[in-house]
Amino acid sequence: MGKHTEKINKLAEKKKAGKIVGYLNDKDLETRIDAIRALGRCGGEEAINRLITQMASQNPQERIEVAKALGECGPDAAFYQLSHYAARETNDAVKEAMKEAMGKIHKRTNGKDG
């Protein structure tokens with residue numbers, strides 16, 4: 001757990017994606033991961049846009065968490081963004097997380113429970 005986990009979780013409960021976004025730049029990796037997960041729970045355009053931007057992170061664990069978050073809340077547009085990033089991804093664990101997320105999005109947008 002990051003040093004701001006409790007506060008981030010409370011913001012997520014209230015769907016305050018805009019206030020969570022600032023934690024994506026925190027020096028603490030766990031705080032950034034907490035923020036990524038919280039944005040995934042928030043959903044909505046602002047959260048999804050920031051998650052997609054965060055896919056460019058240099059940290060593979062962050063990219064894995066972004067893929068998971070997008071898999072939980074992302075619309076079709078997130079599928080295409082993940083597909084774009086997956087084509088360039090060199091880390092096998094990140095690539096696998098992206099494929100799993102794309103599968104969840106595909107199932108959800110095609111009316112099947114994933």
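Because the structure is predicted, anything quoted here is derived from the model rather than measured.

What counts and how
Residues numbered from 1 in each chain as written. Predicted model: local features only at pLDDT ≥ 70, side-chain atom pairs only at ≥ 80, totals over all residues. Heavy atoms only, no water. Axes fitted to C-alpha atoms, helices over the stretch in contact; angles between N-to-C directions. Helix = DSSP H or I, 4+ residues; strand = E, 2+ residues; numbered from the N terminus. Parallel < 35°, antiparallel > 145°, perpendicular 65-115°, else oblique. Left-handed = near helix turned anticlockwise from the far one by under 90°. Contact = heavy atoms within 4.5 Å. Patch = residues over 30% accessible without salt bridge, like charges linked within 9 Å, V, L, I, M, F, W, Y side chains within 5 Å. Areas by Shrake-Rupley, 256 points an atom, 1.4 Å probe, with all protein chains shown as cover. Salt bridge = Lys/Arg side-chain N within 4 Å of Asp/Glu carboxyl O. Lys, Arg positive; Asp, Glu negative; His and termini not counted. Charge placed at Lys NZ, Arg CZ, Asp CG, Glu CD. Buried < 20%, exposed > 50% of the residue type's maximum accessible area, 1.4 Å probe, protein only. 1 Å grid on protein atoms, 1.4 Å probe; cavity = no way out; pocket = protein on both sides within 12 Å on 5 of 7 lines; lining within 4 Å. Points joined across faces, edges and corners; volume = space filled by probe spheres on them. Nonpolar A, V, L, I, M, F, W, Y, C, P; charged D, E, K, R; others polar.

**Q** Give a detailed account of the packing of helix α1 (residues 5-13) against helix α3 (residues 29-42), specifying residues and quantitative values.
**A** Viewed as axis vectors pointing N to C, α1 and α3 meet at an angle of 10°, and their least axial separation amounts to 9 Å. As the angle between them shows, α1 and α3 are arranged roughly parallel. The interaxial crossing formed by α1 with α3 has right-handed handedness. Contacts between α1 and α3 pair T5, I8, N9 and A12 from the former with T31, D34, A35, A38, R41 and C42 from the latter.

**Q** Talk me through the environment of C73; I want residue IDs and the actual numbers.
**A** Examined against the element boundaries, C73 turns out to sit in helix α5 (residues 60-73). Filtering out sequence-adjacent residues up to four positions away, C73 remains in contact with L39, G40, G43, I48, L51 and R108.

**Q** Any chance you could break down a positive patch on the surface for me, citing the residues and the numbers?
**A** A cluster of like positive charges, contributed by K7, K14, K16 and K19, occupies part of the molecular surface. Tracing the backbone through its elements, the reader meets K19 in helix α2 (residues 17-20). Among the residues examined, K19 registers a relative accessible area of 56% and is labelled exposed.

**Q** Go over the layout of surface pockets, please, and point to the residues and values.
**A** Here the largest pocket is characterised by a volume of approximately 160 Å³. Here the residues of the lining of the largest pocket sort into four nonpolar, three polar and three charged.

**Q** Got a sec to walk through the environment of V21? Specific residues and values, please.
**A** Mapped onto the elements, V21 comes out in the loop between α2 and α3. Of the residues examined, V21 reaches a relative accessible area of 15% and is grouped as buried.

**Q** Quick rundown of unusual backbone geometry? Include the residues and the values.
**A** Despite not being glycine, K15 has its phi angle at roughly 60°, a positive value. Residue class for K15 comes out exposed when judged on its relative accessible area of 51%.

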